[in-house]
Amino acid sequence: MESIGVLMICPMNSYLEQELDKRFKLFRYWNIPQTQQFLKENSNSIRAVVGNSMAGADAQLIESLPKLEIVSSFSVGLDKIDLNKCKEKGIRVTNTPDVLTEDVADLAIGLMLAVLRRLCECDRYVRKGLWKTGDFKLTTKFTGKSVGIIGLGRIGTAIAKRAEAFDCPISYYSRSEKADTNYKYYPSVIDLASNCQILVVACSLTPETRHIINREVIDALGPKGVLINIGRGPHVDEAELVSALVEGRLGGAGLDVFENEPEAPEELFGLDNVVLLPHVGSGTIETRTAMADLVLGNLEAHFLNKPLLTPVV
Amino acid sequence: MASIVLYLNNSAKDITFPLLEDRFQFLNPNTSSDSLFSSLAGTVRILLCVANSPVNSETLDKYPSLECVVGSTTGLNHIDLAECRRRGIRVTNAGDAFADDAADYAVGLLIETLRRISAADRFVRAGSWAVKGQFPLSYKVWGKRVGIAGMGSIGRRISKRLQAFGCSIAYNSRKPKANISFPFYASVQELASNVDILVVCCALTNETRHIINRDVMKALGKEGIIVNIGRGSLIDEKEMVKLLVKGEIGGAGLDVFENEPVVPRELHALDNVVLSPHRGGAVPESLLRLQEIMIANIEAFFANKPLLSEIELESLSWILS
């Protein structure tokens, strides 16, 4: 398979990169100074694209790769891939579900605890030598807080299971009510936000869910409410979120994703009721290796004419 | 006659218990007038010990009619329990006032440490994400083997929470607990050899001082994590710092230290360590619950009824007579 051209869109994982290099003819898109030129010269040998949550395969790229057969995403989210275009052209698409579910859910709870119990701020307090001047203030109890989940898929369900162990009542919003669950369903995000103390975004990013967290939802969540986003930056109207946090209209936020990564809103850097993470939801050694193995496994299966491991299209 | 309670606050903490102030008359050696104090010191029967104010022989000698010490904390290592037992003085603690919040905190510290949440937050706030690129990969929480040193009310709550993260639980305690089905290890060292994460939440006594020593930490290993929400002196802090600095244990989430508020400077530079200024129980609801428990204990005492959160001094074999 060493002659099969694979285009890797951006740096994402050195193990994956090395393995792709070994097994295929790897092109590193981020190292190419003149992409137009490159595509003119090499497009006929590129049969696969490997993208991630930052960059994937939009219509323009797909059109410029006439021999493209498969897009294998190093992510579970598919918002950076033009799925319709892929369907139209018979291009296969795979992602990395399940292997990252636990990590993302673990992080969501970690963010809740960090925001409510001010764990990062406590750590800063000690490191700045402030403990000697006096005790850190009281923080906010987590046990028993009501948790509202937007999107009760694999990740949303995993978050619910963990929160239940802290006696948190669980409610959710989803496109349609789920039959096989006892959690309370709300038919709108605003209803959900009005009835929970911690709101978690755990749905996929589509044109319908862009800015699903807008001013009205933030107002409904309110000055004691906390927003946790482990989905995608564009789920949240970031400008509205920033002003709500700065003005104290929202109680706090734990954010792993932003509209314009790797930029995060600097206005939040001075706030102690937020925790800001650089998109590390699945960022453990164990999980990234498992994700890489899925990408490699899917590519090999495709080029050996075997069933794909985790096909989306 | 109003119930008189001796109010002892020789801690560095400026704590008040407003719910109690309405119900009882406090005799405070720091504020009561000399004449009032000397007339009542000899007859006061119950003492409210604020935070970690020491209660020792010297204290007890001053108040010869004392029959009960009401603690305001979970841990009672600042109270000479052997001396209390010798004098027939009953002791109560905070019961489960702080248990849920301490358990939440332990889980929070554990996730923070493994997933490097504080370090990653610092990375973003320093503007490093755009400049340096990807934050280094951290370690998975799901499915890790957790060893609980001390399976009391806090240890049980930690176990319940961590099981939802796919963690397996094992424990060490003075002796196996009848209604706990997790594997029991007779020594902390054996426990440490068989787990990835050691959560320290037992009482500090003469027997458990430095129970987490160098051998235990080496048994935990290079990838092992320690979480301490008990008392700083449960761990040989000097040894722990050496091992952390050398990379011989994987990391630590610490809410308590041997000499609070002093935290070893060497730890400040480490990203695999999360530091916290003893806030495991510090939420408003737990302080309210604490006051309810203390009121219940004091009222039961004066009514000659069973105390709510009495510590069984007779059964504590580690108290040397």
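Residues numbered from 1 in each chain as written. Chains lettered and ligands numbered in written order. Predicted model: local features only at pLDDT ≥ 70, side-chain atom pairs only at ≥ 80, totals over all residues. Heavy atoms only, no water.

A. Structural view of the packing of aromatic side chains. In this structure the tally under the stated criterion is 13 aromatic pairs over all chains. Between F27(A) and F38(A), the ring centres sit 5.4 Å apart and the planes meet at 65 degrees, which makes this aromatic pair edge-to-face. Of the two residues, F27(A) sits in strand 2 (residues 25-28) while F38(A) sits in helix 2 (residues 35-42), which places them 11 residues apart along the sequence. Here the two residues F27(A) and F38(A) agree in accessibility, since each one is buried. Here the aromatic residues F142(A), F166(A) and F165(B) are joined through ring pairs into a cluster of three or more. Here K184(A) stacks its cationic end above the ring of Y186(A), 5.0 Å away from the centre of that ring. (Phe/Tyr/Trp six-rings, centres within 6.5 Å; stacked < 30°, edge-to-face > 60°. Helix = DSSP H or I, 4+ residues; strand = E, 2+ residues; numbered from the N terminus. Buried < 20%, exposed > 50% of the residue type's maximum accessible area, 1.4 Å probe, protein only. Lys NZ or Arg CZ within 6 Å of the ring centre and 35° of its normal.)

B. Structural context of the interface of chain B and chain A. On the side of chain A, 62 residues touch chain B, which itself brings 57 residues to the contact. Buried area between chain B and chain A, summed over both chains or domains, comes out near 5,200 Å², and the portion from carbon and sulfur atoms is 60%. Three residues stand out in chain B for area buried against chain A, namely R115(B), R125(B) and W129(B), and they jointly supply 16% of the buried area on that side. For the interface between chain B and chain A, the tally reads 8 salt bridges. We note a salt bridge from R279(B) to D135(A), for which the minimum N-O separation is 3.9 Å. Applying the counting criterion to the chain B and chain A interface returns 29 residue pairs in polar contact (both at pLDDT 80 or more). Every element with two or more residues in the side of chain B that touches chain A is listed here: helix 5 (99-115), helix 6 (117-125), helix 7 (128-132), helix 8 (153-163), strand 11 (273-275) and helix 12 (284-302) of chain B. (Contact = heavy atoms within 4.5 Å. Buried area = accessible area lost by both parts, 1.4 Å probe. Salt bridge = Lys/Arg side-chain N within 4 Å of Asp/Glu carboxyl O. Polar contact = N/O pair within 3.5 Å; in protein donor to acceptor, adjacent residues only side chain to side chain.)

C. A look at the environment of E216(A). Mapped onto the elements, E216(A) comes out in helix 9 (residues 215-221). Given the relative accessible area of 46%, E216(A) is considered partly exposed.

D. Highlighting the domain arrangement of chain B. Residue and element names in this part refer to chain B. For chain B, the assigned domains are domain 1 (4-96 + 284-320) and domain 2 (99-275). For domain 1 versus domain 2, the distance between C-alpha centres works out to 32 Å. Opposite the 8 residues of domain 1 that make contact, domain 2 presents 9 residues. Interface area, domain 1 with domain 2, both sides summed: about 770 Å², of which 52% is carbon and sulfur. (Domains from an automatic or database assignment.)

E. Examining the pairing of strand 6 (residues 145-149) of chain B more closely. All names here are of chain B. Across the 5 residues of strand 6, 4 count as buried, placing the element largely inside the fold. Note that strand 6 and strand 7 (residues 168-172) share 5 bridges and pair parallel. Across the sheet, the residue bridging to V146 is I169, located in strand 7. Inspection of the sheet shows strand 6 paired to strand 8 (residues 197-200) by 4 bridges, in the parallel sense. Its bridge partner lying in strand 8, V146 is registered against I197. (Pairing = 2+ DSSP bridges.)

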